[in-house]
Amino acid sequence: MEPGDGGHPPDATSARILICDDMESIRSLLRLNLELEGYQVDEATTGQEALDILCGEAAPPDLVTLDALMPGVDGWETVHTIRHTPRLAGLPIVMVTASVQNVDRERAVRAGVDAFVAKPFDPQRLLAIIAQLLDVRRSGGERGATLESSE
């Protein structure tokens, strides 16, 4: 898959994505790949910072990627808050994490995560998952079916 092949040519998307991960290398990798697809990208290094961004903006991003394990407010707490905040409850969430035991995947499903992607991940596969979730959201479809990636 080449840049722009994720279903959204770089000049055609206005989707904003919030990346939340405490590792700069992961944020940089995600930012690079998302920007090559034409997405606008915001970054947060903790769950609390992500929640401040999400709750402080009139128009929240269209999708958020979250690491599960971060200092302070972790990804699990962040998902819980998002799902219990009415204006954010439908926000697509992709958990990108090294916590990949079956119990973690089950917890993600119960928490309301839309997709679970294991680190290390294939950037093109992650872009395809993000494009699919954004397509569902744009078409007015309801969130609910959790996608799983087994990278």
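First things first, this report covers the structure right here in the doc. (Residues numbered from 1 in each chain as written. Predicted model: local features only at pLDDT ≥ 70, side-chain atom pairs only at ≥ 80, totals over all residues. Heavy atoms only, no water.)

## Focus on the overall build of the protein
Move 1: Each helix and strand counted, the protein has 5 helices and 6 strands in total.
Move 2: The helix and strand sequence of the protein, counted from the amino end, reads β-α-β-α-β-α-β-α-β-α-β.
Move 3: Burial statistics for the protein: of 151 residues in total, 48% are counted as buried.
Move 4: Expressed as a percentage of contacts within the protein between residues at least 6 apart in sequence, the contacts between residues at least 24 apart total 69%.
Move 5: As presented, the protein carries roughly 7100 Å² of accessible surface, and 52% of it is formed by carbon and sulfur atoms. (Helix = DSSP H or I, 4+ residues; strand = E, 2+ residues; numbered from the N terminus. Buried < 20%, exposed > 50% of the residue type's maximum accessible area, 1.4 Å probe, protein only. Contact = heavy atoms within 4.5 Å. Areas by Shrake-Rupley, 256 points an atom, 1.4 Å probe, with all protein chains shown as cover.)

## Structural notes on the pattern of salt bridges
Move 1: What the rule picks out here adds up to 10 salt bridges.
Move 2: For Arg16, the salt bridge goes to Glu57, with nearest N and O atoms at 2.6 Å. In this pair, Arg16 sits in strand β1 (residues 16-20) while Glu57 sits in the loop between α2 (47-56) and β3 (63-66), placing the two residues 41 residues apart along the sequence.
Move 3: Here Lys119 ties to Asp21 by a salt bridge, and the two come within 2.7 Å at their closest N and O atoms. Here Lys119, found in the loop between β5 (115-118) and α5 (123-138), pairs with Asp21, found in the loop between β1 and α1 (24-36); they are 98 residues apart in sequence, far enough to count as distant.
Move 4: Classification of Asp21 by relative accessible area gives buried; the value is 2%. (Salt bridge = Lys/Arg side-chain N within 4 Å of Asp/Glu carboxyl O.)

## Topic: the packing of α2 against helix α3 (residues 75-83)
Move 1: Viewed as axis vectors pointing N to C, α2 and α3 meet at an angle of 20°, and their least axial separation amounts to 9 Å. Classified by the angle between their axes, α2 and α3 sit roughly parallel to one another. The crossing of α2 and α3 is right-handed. Note on element contacts: α3 touches α2 through Thr78, Thr81 and Ile82, opposite Gly47, Leu51 and Leu54.
Move 2: Here the residues of the contact of α2 with α3 are counted per class, giving 3 nonpolar, 3 polar and no charged. (Axes fitted to C-alpha atoms, helices over the stretch in contact; angles between N-to-C directions. Parallel < 35°, antiparallel > 145°, perpendicular 65-115°, else oblique. Left-handed = near helix turned anticlockwise from the far one by under 90°. Nonpolar A, V, L, I, M, F, W, Y, C, P; charged D, E, K, R; others polar.)

## Points about the pairing of strand β2 (residues 40-44)
Regular strands place side chains that alternate from one sheet face to the opposite one.
Move 1: Looking at chain direction, β1 and β2 are connected through 5 bridges and run parallel. In the sheet register, Leu18 faces β2, and the bridge partner there is Asp42.
Move 2: Since β1 and β2 lie parallel, the crossover through α1 that links them has a hand, and here it is right-handed. (Pairing = 2+ DSSP bridges. Right-handed = clockwise from strand over helix to strand, strands pointing away.)

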